[in-house]
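Residue-level listing of the chains:
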Amino acid sequence: LFPYDKVGMGASSGFHHAIGLGKPVIAPNIGEFKDWGDYVLLYRCNDVEDLRRSIMKMMDEQIREHYAALSRELAELTRWDRVAEKHISLYLSFI
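Now for a look at the structure at hand. (Residues numbered from 1 in each chain as written. Predicted model: local features only at pLDDT ≥ 70, side-chain atom pairs only at ≥ 80, totals over all residues. Heavy atoms only, no water.)

**Focus: the layout of surface pockets**
One water molecule sets the probe size; rolling that probe over the atoms shows where empty space is left.
Then step 1. By volume, the largest pocket amounts to about 170 Å³.
Then step 2. Lining the largest pocket are His 16, Ile 19, Gly 20, Ala 75, Thr 78, Arg 79, Trp 80 and Val 83.
Then step 3. Only α1 (13-20) and α5 (80-93) provide two or more residues apiece to the lining of the largest pocket.
Then step 4. Residue classes in the lining of the largest pocket are distributed as four nonpolar, three polar and one charged. (1 Å grid on protein atoms, 1.4 Å probe; cavity = no way out; pocket = protein on both sides within 12 Å on 5 of 7 lines; lining within 4 Å. Points joined across faces, edges and corners; volume = space filled by probe spheres on them. Helix = DSSP H or I, 4+ residues; strand = E, 2+ residues; numbered from the N terminus. Nonpolar A, V, L, I, M, F, W, Y, C, P; charged D, E, K, R; others polar.)

**Some points on the packing of aromatic side chains**
Then step 1. Following the criterion strictly, the structure yields six aromatic pairs and no others.
Then step 2. Aromatic pair Phe 2 and Phe 15: ring centres 5.7 Å apart, planes at 75°, arrangement edge-to-face. Pair noted here: Phe 2 is in the segment before α1 and Phe 15 is in helix α1, with a separation of 13 residues, a long-range link. Pair check on accessibility: Phe 2 and Phe 15 agree, each one buried.
Then step 3. Geometrically, the ring pair formed by Phe 15 and Trp 36 is stacked, given 5.1 Å between the ring centres and 5° between the ring planes. Placement of the pair is Phe 15 in helix α1 and Trp 36 in the loop between α2 (31-35) and β2 (41-43), with a sequence separation of 21 residues.
Then step 4. Judged by its relative accessible area of 15%, Trp 36 falls in the buried class. (Phe/Tyr/Trp six-rings, centres within 6.5 Å; stacked < 30°, edge-to-face > 60°. Buried < 20%, exposed > 50% of the residue type's maximum accessible area, 1.4 Å probe, protein only.)

**A few points about the environment of Phe 15**
Then step 1. Exposure remark for Phe 15: the relative accessible area of 0% places this residue in the buried category.
Then step 2. When neighbours within four sequence positions are excluded, Phe 15 is seen to be in contact with Phe 2, Val 25, Phe 33, Trp 36, Val 40 and Leu 74. (Contact = heavy atoms within 4.5 Å.)

Quick look at the structure:
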């Protein structure tokens, strides 16, 4: 659970560690988390009731397993070697 309420508090090392371990993630619909809405369970920022609903939803084992699998997929997509390859490809496109 990442209860951030400011845009600049996005993808923390804690978030990357959680997805790297394949943990299901609940995050606010702000900043970088919005970009990963297909992989994490988003709740409306500063909406306590929506956060409560998201936590209750994640209590379901099948939903938890679904989001855990999505976390593992996101971790694979954002591995450092893949990020480096994308940067190199971008840089080479300017030559």
